[in-house]
Amino acid sequence: MSWADYLDTHQTRFIDELCDFIRIPSVSAKPEHMDDVRTAGQWVVDRLTAAGIENAELFETEGHPVVCADWLHAGADKPTILIYGHFDVQPAEPFDLWSSRPFEPTIKGDRIYGRGATDDKGAMLIPILAAEALLADTGKLPVNVRFFFEGQEEIGSPDLAPFIEANLDRLQADMIFSADGGQWDPKTPQLVLGLKGLTSLEITVNGARGDLHSGMHGGGVANPAMALAQLLASMKSPNGRITIDGFYDDVIDLTEEDRADIARVPWDEAAYLAQTGAPATLGEPGYTTRENLWARPTLEINGLTSGWQGDGTKTVLPAVASAKITCRLVADQNPEKVFDLIAAHVASHCPPGVTAEVTKNPGRADPFLVPAGHNATAIAGQVLEEVYGKAPYMVRAGGSIPVMTTLYNTLDLHGVIFAFGHDDENQHAPDEFFRLSAFRLGQGAYVRLMERLGS
Ligand code: BES
Ligand code: MN
Ligand code: MN
């Protein structure tokens with residue numbers, strides 16, 4: 001049976017298997033799901049083995065495990081590719097905003113709903129199924145293939161750098177393909193030429209020893225919630241420019257050519273506003289919205305906590321106020337350096353009458369800019385053009401995949417995003433879904449990619 005017939009014949013089983021995979025609530029951020037992340041890793045080991053991939057094994061780290069496997073019989077004259085993905089998922093809360101249960105996959109038409117359906121369980125299963133179909137069809141793969149799947153991407157892959165250092169032999173390859181990422185839309189391919197980095201922190205402002213009566217003490221001592229608001233307001237001007245000293249120092253400016261590439265990709269401001277429901281766009285002045293989304297760093301407040309949050313009025317002067325903040329970074333910014341700049345800003349701008357403390361939160365990623373001119377990118381582009389019938393858009397992504405930079409820096413490996421999710425599939429949000437048509441299309445694309453690389 002040809003690989004294409006094999007894929008068609010077995011698609012129902014593949015979808016059932018994806019359902020089993022989604023049923024495992026492998027939420028890496030929540031300690032109570034520790035065992036589920038491991039169960040998902042073991043599921044991946046078993047699935048790789050069933051596909052005919054060899055040496056599939058679960059490896060321990062300080063935190064969640066990783067899975068490595070390989071099939072290395074294509075011959076020394078053929079390239080070795082490393083395929084990456086993650087089997088952990090984001091928390092599914094708030095549960096009540098889901099139309100179906102997040103860990104009970106539900107199929108409606110072309111869509112399979114469930115946490116992790118697109119990010120990244122459906123997407124990471126694709127290359128495994130492509131390998132299975134090729135092995136069933138021809139008994140071999142056209143290239144040497146290594147698989148590297150992790151259970152801690154959604155918390156920033158904190159333990160992967162030491163794992164990679166200690167297991168260089170298992171990861172030796174000529175190039176990486178990430179099955180995490182996505183395509184422009186179901187009819188249009190894209191090549192992702194940049195990912196953003198991340199730094200994450202929390203600011204805590206302390207005032208009095210405990211909460212106070214706001215009538216008896218208001219006007220007598222400072223209010224930490226107000227001080228925090230003033231501090232936060234000092235970090236960004238209302239027009240969107242970040243006002244932390246040195247924040248933009250290491251940013252590689254967009255060249256005229258970069259800007260022209262970005263401008264070639266269609267942008268519909270009204271559609272973007274309709275999609276988000278925001279009344280207007282706002283970003284760093286001097287850049288288009290697209291440039292800000294893809295290629296300029298950001299500073300966002302992710303959560304604010306202080307004082308009375310219940311119904312009605314409580315006349316209290318809170319003792320504490322805190323803010324969770326993340327910055328998305330672009331090349332060549334460094335997550336630790338940006339943290340230090342923010343800490344210095346807080347120290348020098350703390351309003352009178354309170355103390356402010358800055359602590360690190362988990363979630364670090366170096367920005368990733370795909371080096372130009374590698375033929376892995378060119379070949380991926382050709383395969384996409386063949387499969388979709390049109391040339392891919394050249395894009396960058398606002399999201400992060402921390403390990404891509406780690407692999408690039410430690411193994412000196414060129415990485416290409418070759419993945420089949422889409423931006424509208426509610427990643428990290430309620431009603432996450434994956435398109436079954438993209439699931440099947442991606443399988444064929446991975447087969448063609450391997451064939452093309454091996455010819
Ligand atoms: N798959 C996403 C990243 C992504 C999204 C890449 C869109 C390309 C296009 C990934 O699972 C993710 O969500 N990463 C986190 C990393 C963070 C926790 C360090 C992110 O970007 O928030
Ligand atoms: Mn992902
Ligand atoms: Mn994600």
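Residues numbered from 1 in each chain as written. Chains lettered and ligands numbered in written order. Predicted model: local features only at pLDDT ≥ 70, side-chain atom pairs only at ≥ 80, totals over all residues. Heavy atoms only, no water.

(A) The arrangement of the coordination of the manganese ion (ligand 2) in detail. In this structure, H86 (NE2), D119 (OD), D180 (OD) and D180 (OD) serve as the protein donors to the manganese ion (ligand 2), at separations of 2.0 to 2.4 Å. Bound by six donor atoms, the manganese ion (ligand 2) shows angles of 56 to 164 degrees at the metal and therefore irregular coordination geometry. Considered as a linear motif, the donors of the manganese ion (ligand 2) on their single chain read H-x32-D-x60-D. Separating the manganese ion (ligand 2) from the manganese ion (ligand 3) is a gap of 3.6 Å, which D119 spans by donating to each of them. One end of the pair, H86, is in strand β3 (residues 80-86); the other, D119, is in helix α3 (residues 117-138), and 33 residues separate them in sequence. With a relative accessible area of 4%, D119 lands in the buried category. (Donors = N, O, S within 2.8 Å, 3.2 Å for Na, K, Ca; no water. Tetrahedral: all angles 85-135°; square planar, octahedral: opposite > 155°, others 65-115°. Helix = DSSP H or I, 4+ residues; strand = E, 2+ residues; numbered from the N terminus. Buried < 20%, exposed > 50% of the residue type's maximum accessible area, 1.4 Å probe, protein only.)

(B) Region of the structure containing helix α12 (residues 375-388). End to end, α12 covers 20 Å across 14 residues, agreeing with the expected 20 Å (1.5 Å per residue, within 8%). Here α12 has its buried residues at A376, T377, I379, A380, G381, V383, L384 and Y388. On the buried face of α12, the contacting elements are β7 (175-178), β8 (190-192), β18 (414-417) and α14 (436-454). At the C-terminal side of α12, G389 shows a positive phi close to 75 degrees. (Expected span 1.5 Å × (residues − 1). Contact = heavy atoms within 4.5 Å.)

(C) Highlighting the domain arrangement of the protein. Once the domains are mapped, the protein shows domain 1 (3-195 + 367-454) and domain 2 (198-260 + 281-365). Computed over C-alpha atoms, the centres of domain 1 and domain 2 are 34 Å apart. Tallying the contact residues gives 13 residues for domain 1 and 15 residues for domain 2. Buried area between domain 1 and domain 2, both sides added, is near 1,000 Å², and the carbon and sulfur share of it is 59%. If you sort the residues of domain 1 by the area they bury against domain 2, P367, R396 and S400 come out on top, with a joint share of 54%. We note a salt bridge from R396 to D258, for which the minimum N-O separation is 3.7 Å. (Domains from an automatic or database assignment. Buried area = accessible area lost by both parts, 1.4 Å probe. Salt bridge = Lys/Arg side-chain N within 4 Å of Asp/Glu carboxyl O.)

(D) Focus on the pattern of salt bridges. All told, the structure shown has 26 salt bridges when counted by the stated rule. One salt bridge connects E132 with R13, and the closest N-O pair in it is separated by 2.8 Å. Residue E132 is found in helix α3, and its partner R13 is found in helix α1 (residues 3-23); the two are separated by 119 residues along the sequence. Relative accessible area serves as the criterion here: at 5%, E132 is assigned to the buried category.

(E) Expanded view of the packing of α1 against α14. In the contact formed by α1 and α14, the axes pass within 11 Å of each other and the chain directions differ by 130 degrees. Classified by the angle their axes make, α1 and α14 are oblique. Note that α1 runs across α14; the crossing there is right-handed. When α1 is examined against α14, the residues W3, A4, L7, D8, Q11, F14, I15 and L18 are found in contact with a partner set consisting of L436, F439, R440, Q443, G444, V447, R448 and E451. (Axes fitted to C-alpha atoms, helices over the stretch in contact; angles between N-to-C directions. Parallel < 35°, antiparallel > 145°, perpendicular 65-115°, else oblique. Left-handed = near helix turned anticlockwise from the far one by under 90°.)

(F) Molecular detail of the site of ligand 1. Ligand 1 sits among 16 residues. The nearest are E153, D180, R328, S400 and H428. When isolated, ligand 1 has an accessible area of 520 Å², and the protein chains bury 89% of it. When its residues are assigned to classes, the shell around ligand 1 shows four nonpolar, seven polar and five charged. (Near = heavy atom within 4 Å. Areas by Shrake-Rupley, 256 points an atom, 1.4 Å probe, with all protein chains shown as cover. Nonpolar A, V, L, I, M, F, W, Y, C, P; charged D, E, K, R; others polar.)

(G) Layout of the nonpolar core. Grouped together as the largest cluster of nonpolar side chains are 65 residues, with contacts concentrated most on L48, F147, F177, F418 and Y446. The element that contributes the greatest number of residues to this core is α3, accounting for eleven residues. Beyond its immediate sequence surroundings of up to four residues, F418 is in contact with F177, S178, A179, A380, V383, L384, A445, Y446 and L449. Of all hydrophobic cores here, the second largest spans 30 residues; its members include C68, L82, V395 and I401. (Core = buried A, V, L, I, M, F, W, Y, C linked by side-chain atoms within 4.5 Å.)

(H) Representation of the coordination of the manganese ion (ligand 3) in the model. The manganese ion (ligand 3) binds to the protein through D119 (OD), E154 (OE), E154 (OE) and H428 (NE2), with metal-donor distances spanning 2.0 to 2.5 Å. Metal-centred angles of 56 to 156 degrees between the six donor atoms at the manganese ion (ligand 3) mark the site as irregular. On the accessibility criterion, H428 (40% relative accessible area) is partly exposed.

(I) The side chain of T377, seen in detail. Looking at the secondary structure, you find T377 in helix α12. Not counting residues up to four positions away in its chain, the partners in contact with T377 are L191, L193, V370, H414 and V416.

(J) Region of the structure containing unusual backbone geometry. Look at the link from E93 to P94: it is a cis peptide, with omega at -5 degrees. By secondary structure assignment, the location of P94 is in the loop between β3 and β4 (106-108). The phi torsion at D412 lies on the positive side, around 60 degrees, for a residue other than glycine. When you line up the elements, D412 lands in the loop between α13 (402-411) and β18. Judged by its relative accessible area of 63%, D412 is exposed.

(K) Highlighting the sheet that holds strand β6 (residues 144-150). Within the open sheet, the six strands sit side by side as β1-β2-β6-β3-β7-β18. Their pairing is mixed. The sheet terminates laterally at β1 (54-59) and β18, the two strands that pair on one side only. Between one strand axis and the next, the sheet turns by 20 degrees as a mean value, whatever way the strands run. The pairing of β1 with strand β2 (residues 66-71) spans four bridges and is antiparallel. (Pairing = 2+ DSSP bridges.)

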